[in-house]
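# Structural description and commentary
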Amino acid sequence: MLKFYKFVFFILISATLVSCGKKAEQQNVNTDPNASFSWKESITAKDIPDFPVKGFIDGREIKFEYVNFEYWRGSNDNVFNFSDRTPKNKCGFIENDNAFHLTKLGKAFEEGEFLKNAFSMNLDGITGDYHTTVNDNMQKFSPAWNCALVITEMEDDFVKGKIAMCFKDEKKSWVAGTFTAVRCNN
């Protein structure tokens, strides 16, 4: 009888140890830094999540349907546009959308990392903003912003990369994730 109790005790201890290991595994899965993203005052390339780009504007989630990279040949300006609508033509104008923009005037974005890690950091010729459209009325917002952008591939017709960009506004707007942008040479 004593052997039976020792055997039952051993089984209970073994089951407890195994279930503790599974609980720890589940916690690691749920705390994966790339499973979610949240607004940050200071940002690095390590903060960029590994999921398709998404964002929040004015407290509302934005699901992006179209991302493009505009290269303006005459001025050498570059613009990344993240929009919740698609244009009628591949590189056409988008009406009544909600969108984020990252603009670099007079100099091209290149493959590699671009970092503006703090709201207080000032970079001449580079701006970040977003706009919302309600009842055909567009409003543009240009609060302080930070950004980590990594361009992994630039081809004639597309640009691949990942971004994390936060705005210092009341509702803590942000855009983050991986993307493939249509390249538009204007």
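Heads up: the structure comes first, above all this text.
Residues numbered from 1 in each chain as written. Predicted model: local features only at pLDDT ≥ 70, side-chain atom pairs only at ≥ 80, totals over all residues. Heavy atoms only, no water.

### Some remarks on the environment of His101
One can find His101 in strand E5 (residues 99-104). Overall, the relative accessible area of 14% leaves His101 in the buried class. Residues within four places of His101 in sequence aside, it is in contact with Phe80, Asn81, Thr127, Gly128, Asp129, Tyr130, His131 and Met165. For His101, the side chain forms a polar contact with the side chain of His131, separated by 2.9 Å. (Helix = DSSP H or I, 4+ residues; strand = E, 2+ residues; numbered from the N terminus. Buried < 20%, exposed > 50% of the residue type's maximum accessible area, 1.4 Å probe, protein only. Contact = heavy atoms within 4.5 Å. Polar contact = N/O pair within 3.5 Å; in protein donor to acceptor, adjacent residues only side chain to side chain.)

### Describing the state of the cysteines
The full count for this structure, using the stated rule, is 1 disulfide. Between the sulfur of Cys91 and that of Cys184 lies a disulfide, 2.0 Å long from S to S. In this structure the cystine formed by Cys91 and Cys184 twists about its S-S bond by roughly -85 degrees; its chirality is therefore left-handed. Taken together, the positions of Cys91 in the loop between strand E4 (77-83) and E5 and Cys184 in strand E11 (residues 174-185) put the pair 93 residues apart, joining distant regions of the chain. You can call Cys91 partly exposed: its relative accessible area is 33%. Under the relative-accessibility criterion, Cys184 is labelled buried at 1%. Its sulfur unpaired, Cys147 is 9.0 Å from the next cysteine sulfur, which belongs to Cys166. (Disulfide = S-S within 2.5 Å.)

### Description of the pattern of salt bridges
With the rule as written, the count across this model stands at 1 salt bridge. Among the ionic pairs, Lys140 bridges to Asp129, the shortest N-O distance being 3.8 Å. Taken as a pair, Lys140 in strand E8 (residues 137-141) and Asp129 in strand E7 (residues 126-134) lie far apart in primary sequence, 11 residues in all. Residue Lys140 is classed as exposed on the basis of its relative accessible area, which comes to 57%. You can call Asp129 buried: its relative accessible area is 7%. (Salt bridge = Lys/Arg side-chain N within 4 Å of Asp/Glu carboxyl O.)

### Side note on the nonpolar core
Core analysis: the largest hydrophobic core is formed by 26 residues, its most contacted members being Phe80, Phe82, Leu102, Leu149, Ile163 and Phe179. Elements with a minimum of two residues in this core: strand E3 (66-72), E4, E5, E7, strand E9 (145-154), strand E10 (158-167) and E11. Formed by 13 residues, the second largest nonpolar core is a distinct cluster that contains Phe51, Ala148, Ala164 and Trp174. (Core = buried A, V, L, I, M, F, W, Y, C linked by side-chain atoms within 4.5 Å.)

### Digging into the pairing of E4
With respect to burial, E4 is a largely interior element, 7 of its 7 residues being buried. In terms of strand pairing, E3 meets E4 through 7 bridges, oriented antiparallel. Residue Tyr66 lies in a different strand from E4, and its bridge partner there is Ser83. Taking the residues between adjacent antiparallel strands as the criterion, E3 and E4 are bridged by 4 residues, where Asn76 takes a positive phi near 65 degrees. (Pairing = 2+ DSSP bridges.)

### What to know about the packing of aromatic side chains
Per the stated rule, a full pass over the model turns up 15 aromatic pairs. Arranged with centres 5.4 Å apart and planes meeting at 90 degrees, the rings of Phe82 and Phe179 form a pair that is edge-to-face. In this pair, Phe82 is assigned in strand E4 and Phe179 in strand E11, connecting sequence segments 97 residues apart. According to the relative accessible area criterion, Phe179 is buried, its value standing at 6%. (Phe/Tyr/Trp six-rings, centres within 6.5 Å; stacked < 30°, edge-to-face > 60°.)

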